[in-house]
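Listed below, chain by chain, are the residues.
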Amino acid sequence: MGQPGDGPKKKRRTSTNIVHSGRDPFAHHGFVNPPVYRGSTVLFKSLDAFEKREQRYVYGRRGTPTTDALEEAICTLEGGVRTWLTPSGAAAIAAALLAFTKAGDHILVADTAYQPTRKMCNGILKRFGVETTFYDPLIGAGITKLMKPNTTVVFLESPGSQTFEVQDVPAIAAAAKAKGAWVLMDNTWASPLYFKPFEHGVDVSIQAATKYIVGHADAMLGSITGNERAAPIMLDETQSIGICAGTEEVYLGLRGIRTIEVRLERHWRSGLDIARWLEQRPEVSRVLHPALESNPSHALWKRDFLGASGLFAFELKPVPKKAVAAMLDGLQLFGMGASWGGFESLVLPFNATPYRTATKWETAGPTVRIHIGLEDVADLKDDLDAGFARLKVAS
Ligand SMILES: *Cc1c(COP(=O)(O)O)cnc(C)c1O
């Protein structure tokens, strides 16, 4: 009898892969999920076995059956060759940047990158002699003009953190490759479900698995997935850096990923519904959501993405700060806090103007990032509606 996990995996479709990839129940007495393997030391049966190191598991840091399961599941979904897990998304970004740079290199990073990514470039990488140029995320093939003979990495994040500009990934990747640079991408917003990085020329895809892969706001986790060319380099470098993800967190990632498709579809539909509703509000001047037809990034989103997540932003018409506080402080269903991708709705004011260097981000009014969770959309609208009423009174 065939076992779950057997068979020609390549021919299976996404929903089936999400459920079956990385699973081998009969390696665990038939239990549907693998146990949480806790361990540092792995024993060898003989001196000969130790010296040859031919057994699958040799040391806790180098992987367990639990980490293998999640790495395979993420790798299948991303469409890469091999995945490594890290203790957070930020650690994945740092490890990937360290693996593909050396002193004297120049790298190009999207001006819309997650702020800790910028910090990594302006801090550790700079100290180690790597120079960063931040570029306009909408540059497309024009990135060629920014490439120097020592440019070794082009880093993308699409859509960009906070402001959600979609990048022309195939055009940027082609330009980077023509000059021999590695293409690294933070693919957290879409998750590996809604953007397939390796079909668009990316070499290394990074996930803050903390977000939609874990999906329940109860663990920190990251992943780095490489293509054929990048995987051997990652294999070597991740070992030197010594990072590995905690097994409990890895298990929560496995628990989360099995339902990612049904969760994300709801985040997508509800998010777009609220985005359209916000667009009609007199208090709102614009909504930054690439799946909206009115968004400047809509055509690229439609061309390259298979769906949208529940994270976007909106800009209010100019109001005093106390009015924004009155609106947000009284929300009953939207929490205020960092991170996103869990089952709950969140709001967070932000200001993208101070940290941009390659582009100017101009707003007349305050900007708010919003994550639409799995609640009933009508209740979320009621909550926001009451918030707008408070905003009006305090304006
Ligand atoms: C949250 C986030 C990260 C960092 O992930 P952590 O797990 O919080 O370290 C990286 N990139 C993007 C786009 C994120 O939203």
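Please read these numbers as outputs of a predicted model, since none were measured by experiment.

Another aspect to go through is the overall build of the chain. From N to C terminus, the chain includes 13 helices and 12 strands. Here the C-alpha atoms of the chain give a radius of gyration of 22 Å, agreeing with the 21 Å that 2.2 N^0.38 yields for 395 residues. Dimensions along the principal axes, computed over C-alpha positions, put the chain at roughly 75 × 50 × 35 Å. Per-residue burial for the chain yields a buried fraction of 54% across its 395 residues. In the chain, once contacts between residues fewer than 6 apart in sequence are set aside, the share between residues at least 24 apart is 73%. With an accessible surface of roughly 17,500 Å², the chain has 55% of that area assigned to carbon and sulfur atoms. Each charge class in the chain can be summarised by its mean position, and for the 45 positive and 42 negative side chains these summaries are 3 Å apart.

Turning next to the pairing of strand β11 (residues 346-350). Judged from the two bridges that link them, strand β10 (residues 335-336) and β11 form a sheet pairing that is parallel. Bridged to G335 within β11 is L346. By the bridge criterion, five bridges tie β11 to strand β12 (residues 367-371) in an arrangement that is antiparallel. Paired with P349 across the bridge in β12 is V368.

For the rest of this paragraph, the subject is the environment of G142. Relative to the elements of secondary structure, G142 occurs in the loop between β3 (131-135) and β4 (151-157). Sequence spacing of G142 and A171 is 29 residues, and the spatial spacing of their C-alpha atoms is 8.7 Å.

So, on to the pairing of β3. Across five bridges, the pairing between strand β2 (residues 106-110) and β3 is parallel. Considered in β3, the bridge of V109 is made with F134. Between the parallel pair β2 and β3, the chain is carried across by helix α5 (residues 115-127), and the sense of this crossover is right-handed.

Before going further, it helps to examine the sheet that holds β3. Judged by pairing direction, the sheet is mixed, and its seven strands sit side by side in the order β1-β7-β6-β5-β4-β2-β3 without closing on themselves. Lying at the two open borders of the sheet, with one neighbouring strand each, are β1 (82-86) and β3. Neighbouring strand axes in the sheet, compared pairwise and without regard to direction, differ in orientation by 20 degrees on average. Of the strands in this sheet, β1, β5 (182-186) and β7 (222-226) are in contact with helix α8 (residues 231-241), which crosses β1 at around 30 degrees.

Turning next to the packing of helix α3 (residues 65-78) against helix α9 (residues 247-257). How two helices sit against one another is set out by the angle between their axes and by the gap between those axes. Running from amino to carboxyl end, α3 crosses α9 at an angle of 40 degrees, the nearest separation of the two axes being 9 Å. Relative to α9, the element α3 is oriented oblique. The two elements α3 and α9 meet at a crossing, and its hand is left-handed. Contact with α3, carried on its side by T66, T67, A69, L70, A73, I74 and L77, involves T247, V250, Y251, G253, L254 and I257 of α9 and no other residues of that element. Looking at the contact of α3 with α9, its residues break down into nine nonpolar, four polar and no charged.

Along its sequence, the chain is organised into domain 1 (14-257) and domain 2 (260-394). Taken over C-alpha atoms, the centre of domain 1 sits 27 Å from the centre of domain 2. Taken together, the 40 residues of domain 1 in the interface contact 39 residues of domain 2. The contact between domain 1 and domain 2 buries some 3,500 Å² in all, and 62% of this surface belongs to carbon and sulfur atoms. Its largest share of buried area at the contact with domain 2, domain 1 owes to W189, Y194 and Y212, together 26% of the area lost on that side. Between domain 1 and domain 2 we count two salt bridges in total. A salt bridge links R356 to E165, with the shortest nitrogen-to-oxygen separation between them at 3.7 Å. Those elements that provide at least two residues to the side of domain 1 that touches domain 2 are α1 (14-20), α5, β3, α7 (191-194) and α9. Element by element, the count of residues in the side of domain 1 that touches domain 2 is highest for α7, at three residues. By residue class, the composition of the side of domain 1 that touches domain 2 is 18 nonpolar, 15 polar and seven charged.

In this model helix α13 (residues 377-394) runs 26 Å from its N-terminal to its C-terminal C-alpha over 18 residues, within 8% of the 26 Å that 1.5 Å per residue would give. Buried within α13 are the following residues: V377, L380, K381, D383, L384, G387, F388, L391 and A394. Considered in projection along α13, the buried side chains sweep an arc of 160 degrees and stay on one side of the axis. Residues D382, K392 and V393 are exposed on α13 and point more than 90 degrees away from its buried face. Of the surrounding secondary structure, the elements contacted by the buried residues of α13 are α10 (260-279), β8 (284-288), β9 (311-316), α12 (321-329) and β12. At the N-terminal end of α13, a side-chain oxygen is found 2.8 Å from the backbone nitrogen of A378, two or three residues along, and the residue is D376.

With that settled, the discussion passes to α12. Within the span of α12, buried status applies to A323, V324, M327 and L328. Looking straight down α12, one finds that the buried residues subtend no more than 125 degrees of arc, so they occupy a single side. Within α12, the exposed residues directed more than 90 degrees away from the buried face are K321, K322 and D329. Considering only its buried residues, α12 is in contact with β9, β10, β11 and α13.

Definitions and limits used
Residues numbered from 1 in each chain as written. Predicted model: local features only at pLDDT ≥ 70, side-chain atom pairs only at ≥ 80, totals over all residues. Heavy atoms only, no water. Helix = DSSP H or I, 4+ residues; strand = E, 2+ residues; numbered from the N terminus. Rg over C-alpha atoms; globule rule 2.2 N^0.38 Å. Buried < 20%, exposed > 50% of the residue type's maximum accessible area, 1.4 Å probe, protein only. Contact = heavy atoms within 4.5 Å. Areas by Shrake-Rupley, 256 points an atom, 1.4 Å probe, with all protein chains shown as cover. Lys, Arg positive; Asp, Glu negative; His and termini not counted. Charge placed at Lys NZ, Arg CZ, Asp CG, Glu CD. Pairing = 2+ DSSP bridges. Right-handed = clockwise from strand over helix to strand, strands pointing away. Axes fitted to C-alpha atoms, helices over the stretch in contact; angles between N-to-C directions. Parallel < 35°, antiparallel > 145°, perpendicular 65-115°, else oblique. Left-handed = near helix turned anticlockwise from the far one by under 90°. Nonpolar A, V, L, I, M, F, W, Y, C, P; charged D, E, K, R; others polar. Domains from an automatic or database assignment. Buried area = accessible area lost by both parts, 1.4 Å probe. Salt bridge = Lys/Arg side-chain N within 4 Å of Asp/Glu carboxyl O. Expected span 1.5 Å × (residues − 1). Arc of directions from axis to C-beta. Polar contact = N/O pair within 3.5 Å; in protein donor to acceptor, adjacent residues only side chain to side chain.

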